[in-house]
Amino acid sequence: MKTFGCQMNENDSERIVTLLRRQGMTPALSEDVADVVVFNTCTIRENADNRFFGQVNKLRERRAVDSQMRIVVAGCLAQGEQEAIFDRAPHVDIVVGTHALGSIVELLDRSAGEQHVIDVSNTSEALDPLADLSAEPTDGHKAWVTIQTGCDNNCAFCIVPQVRGGEVSRPFQAVVDEVRNLASQGVSEVTLLGQNVNSYGRDLTRRLRAEQTGPTDRGYLTGQVYVSGSIARIRPLFADLLRAVGAVDGIRRVRFTSPHPKDMREETFRAMAESPAVCESLHFPLQSGSDRILAAMHRGYRGARFFEKLLEAREIVPDLAVTTDIIVGFPGETDDDFEATLELVARCEFDSAFTFIYSPRPGTEAGGWRDRFIAPEVIAERFERLKHVTERSAFAKHRERVGRIEEILIDGPSKRDASVASGRTRQNKLVHLAGVDGERERGSYVQARIVDASAHFLHGEVLRVRA
Ligand code: SF4
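A quick note: this is a predicted structure, and the numbers were derived from the prediction, not measured.

A.B. asks: Break down the confidence of the model for the chain for me, citing the residues and quoting the values.
C.D. replies: In this model, the chain carries a mean pLDDT of 90, and residues with pLDDT of at least 70 account for 90%. Segment residues 214-231 is flagged for pLDDT under 50; beyond a separation of four residues in sequence, or across chains, it makes 29 contacts in the model.

A.B. asks: Which residues make up the site of the ligand, and what values go with them?
C.D. replies: In the vicinity of the ligand, the residues found are C151, N153, C155, F157, C158, V160, P161, Q195, H260 and R299. Looking at the shell around the ligand, its residues break down into six nonpolar, three polar and one charged.

A.B. asks: Please set out unusual backbone geometry residue by residue, giving values where relevant.
C.D. replies: Of note, the bond from T257 into S258 is cis; its omega dihedral lies within 30 degrees of zero at 10 degrees. Along the chain, S258 turns up in the loop between β12 (253-257) and α11 (266-274). Despite not being glycine, H298 has its phi angle at roughly 60 degrees, a positive value. In this structure, H298 sits in the loop between α12 (291-297) and α13 (303-316).

A.B. asks: I'd like a description of the side chain of E189, backed by residues and values.
C.D. replies: Mapped onto the fold, E189 is located in strand β9 (residues 189-193). Of the residues examined, E189 reaches a relative accessible area of 4% and is grouped as buried. Side-chain polar atoms of E189 contact the side chain of R255, separated by 3.1 Å.

A.B. asks: Account for the packing of aromatic side chains, naming residues and giving values.
C.D. replies: Under the counting rule described, the total for this entry stands at 11 aromatic pairs. Relative to F306, the ring of Y301 has its centre 6.0 Å away and its plane inclined at 35 degrees; by these criteria the two rings are tilted. This pair shows no difference in class: Y301 is buried, exactly as F306 is. Ring geometry for F306 versus F350: centroids 6.3 Å apart, planes at 65 degrees, classification edge-to-face. Taken together, the residues span a long stretch of sequence, with F306 in helix α13 and F350 in the loop between α14 (335-348) and β15 (352-357) at a distance of 44 residues. Put simply, the rings of F157, F330, Y358, W369 and F373 pair up and form one aromatic cluster. One residue, R372, lies across the ring of W369, its end atom 4.2 Å from the ring centre.

A.B. asks: I'd like a description of α11, backed by residues and values.
C.D. replies: All of the buried residues in α11 are T268, F269, A271 and M272. Taken around the axis of α11, the buried residues stretch over an arc of 160 degrees, which confines them to a single face. Considering only its buried residues, α11 is in contact with α10 (238-246), β12, β13 (281-283) and α13.

A.B. asks: How would you explain the pattern of salt bridges if you had to name every residue and give the values?
C.D. replies: Summed over the entire model, instances satisfying the criterion amount to 37 salt bridges. Between E167 and R202 there is a salt bridge; the shortest N-O distance is 3.7 Å. Of the two residues, E167 sits in the loop between α7 (160-164) and β8 (168-169) while R202 sits in helix α9 (residues 202-211), which places them 35 residues apart along the sequence. Classification of E167 as buried rests on a relative accessible area of 7%. Its salt-bridge partner being E407, residue R252 comes within 3.4 Å of it at the nearest N-O pair.

A.B. asks: Mind laying out the pairing of strand β18 (residues 430-434), listing which residues take part and the relevant values?
C.D. replies: Regular strands place side chains that alternate from one sheet face to the opposite one. The sheet contact formed by strand β17 (residues 420-424) and β18 spans five bridges and is antiparallel. The residue of β18 that forms the bridge with R424 is L430. Connecting β17 to the next strand, β18, in antiparallel fashion are five residues, including N428 with a positive phi near 70 degrees.

A.B. asks: So what's going on with the sheet that holds strand β2 (residues 36-41)? Residues and values would help.
C.D. replies: On the basis of which strands lie adjacent, the open sheet formed by five strands has the order β1-β2-β3-β4-β5 and parallel pairing. Two strands close off the open sheet at either side, each with one partner strand: β1 (2-3) and β5 (117-119). Examined bridge by bridge, β2 and strand β3 (residues 70-75) share six bridges and lie parallel to one another. Within β3, the position partnered with V38 by the bridge is V72. In the packing of helix α1 (residues 7-21) onto the sheet, contacts are made with β1 and β2, and the angle to β2 comes to roughly 155 degrees.

A.B. asks: I'd love a proper account of the environment of R302, names of residues and values included.
C.D. replies: Positionally, R302 belongs in the loop between α12 and α13. Exposure remark for R302: the relative accessible area of 56% places this residue in the exposed category. Along the chain, R302 and L286 lie 16 residues apart, while their C-alpha atoms are 9.5 Å from each other. Excluding residues that lie within four positions of it along the chain, R302 makes contacts with D291 and L294.

A.B. asks: Report on the packing of α11 against α13, specifying residues and quantitative values.
C.D. replies: Here α11 crosses α13 at 25 degrees, and the two axes come no closer than 9 Å. Compared by their axis directions, α11 and α13 come out roughly parallel. The two elements α11 and α13 meet at a crossing, and its hand is right-handed. Contact residues: E266, F269, R270 and A273 in α11; K309, E312, A313 and I316 in α13.

A.B. asks: Would you mind going over the pairing of strand β14 (residues 321-328) in detail, with residue names and values included?
C.D. replies: Counted residue by residue, β14 has eight buried out of eight residues, so it is predominantly covered. Tracing the backbone out of β14, into α14 and back to the parallel element β15 gives a crossover that is right-handed.

Thresholds applied
Residues numbered from 1 in each chain as written. Predicted model: local features only at pLDDT ≥ 70, side-chain atom pairs only at ≥ 80, totals over all residues. Heavy atoms only, no water. pLDDT = per-residue confidence, 0-100. Contact = heavy atoms within 4.5 Å. Near = heavy atom within 4 Å. Nonpolar A, V, L, I, M, F, W, Y, C, P; charged D, E, K, R; others polar. Helix = DSSP H or I, 4+ residues; strand = E, 2+ residues; numbered from the N terminus. Buried < 20%, exposed > 50% of the residue type's maximum accessible area, 1.4 Å probe, protein only. Polar contact = N/O pair within 3.5 Å; in protein donor to acceptor, adjacent residues only side chain to side chain. Phe/Tyr/Trp six-rings, centres within 6.5 Å; stacked < 30°, edge-to-face > 60°. Lys NZ or Arg CZ within 6 Å of the ring centre and 35° of its normal. Arc of directions from axis to C-beta. Salt bridge = Lys/Arg side-chain N within 4 Å of Asp/Glu carboxyl O. Pairing = 2+ DSSP bridges. Axes fitted to C-alpha atoms, helices over the stretch in contact; angles between N-to-C directions. Parallel < 35°, antiparallel > 145°, perpendicular 65-115°, else oblique. Left-handed = near helix turned anticlockwise from the far one by under 90°. Right-handed = clockwise from strand over helix to strand, strands pointing away.

Set out below in structure tokens:
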């Protein structure tokens, strides 16, 4: 199983692995010895496509001599490119789109008698194709839980709505049941996944209204209340879901990604503040600080409104860490637009920022604005200036943690130094713990004093290990 892209893809891959295991297959150590190689692809940026084609073409020779082998291309690039995948890589056997992942086994069977098998059906009303398939958590103590697929927004730079369709929320109780099932397997931290989590459930209440379903239909049970109250009121159920998931026995930490600032509501901040398990970390994608560019992106908010929401979040949720996404070089971005971004990013004092160079995607609105593309050298210079601002506030935020006692969930040995353990605080900050056996303490909660800070991680000393 080779996965490219976001956590949604990671979670889809985990569930595809569960599906194939149920067919009696076992994960192979590498694609060089596997009978079935599945690429779960991403198409959010150009280099994701290129990396995928680079890797799948390495299997051309082996596939030519091994008639039992099967190469499956799944995910967003498969949904976007469809048959064109076979043109660029004719040794691929199966192409399966984001809405048909559940049919992988049937497609494998069909490939015994058919060349170039494809299923990119996009029945956007279809519930999540792997809905009833909860993944076996890769990390044992942590798990992704998909709560919604697709997106109803149409950001001008984004391909997601085209390849994942409109928003489809999983039934409320199904999500809570999956979390309960994961907790029974020893998982103590869950991350709720969706393209636009804070609009979770809006489609459910819309569908309820359309179907006029009776008030006791389990699919629409939200915590203790059925969403049948005032049917007229279409509303997201994210705050209800956060509270319900946070109340599951054994779950000590709840995280979520990705919310959309325009749909962020006070009730969600209240649920974060009042549910002890919901962590004090919020990913809040700004994308640009220029109102002109935000409008061109169809983001649906202005810089001032974003900043207001940020202040509201920090006021309601104590000790909240906020991270963000910023795109540099969006078509038409002027020096003034970029200065507005620098100014707002500095004022927001983010705990960290994922900064991206604009990547034109075929099929997106902005991808067609070639006459407004920014010169690469201008983008590179802006990117460096932005990184300077984001790292300065990240480092300042990290320095504020020095001397504090933090609860750390140990994830294992540090990737840099196996003699050091690494884990994360409730604010989702990376901490390295010297002298701790990361392998043995994987999944343990420890109390540690933060003794040093860098822009990207903290150093801690363990005071005590708590089960
Ligand atoms: S909110 Fe915008 S950026 Fe996010 S997935 Fe939807 S269209 Fe893409």
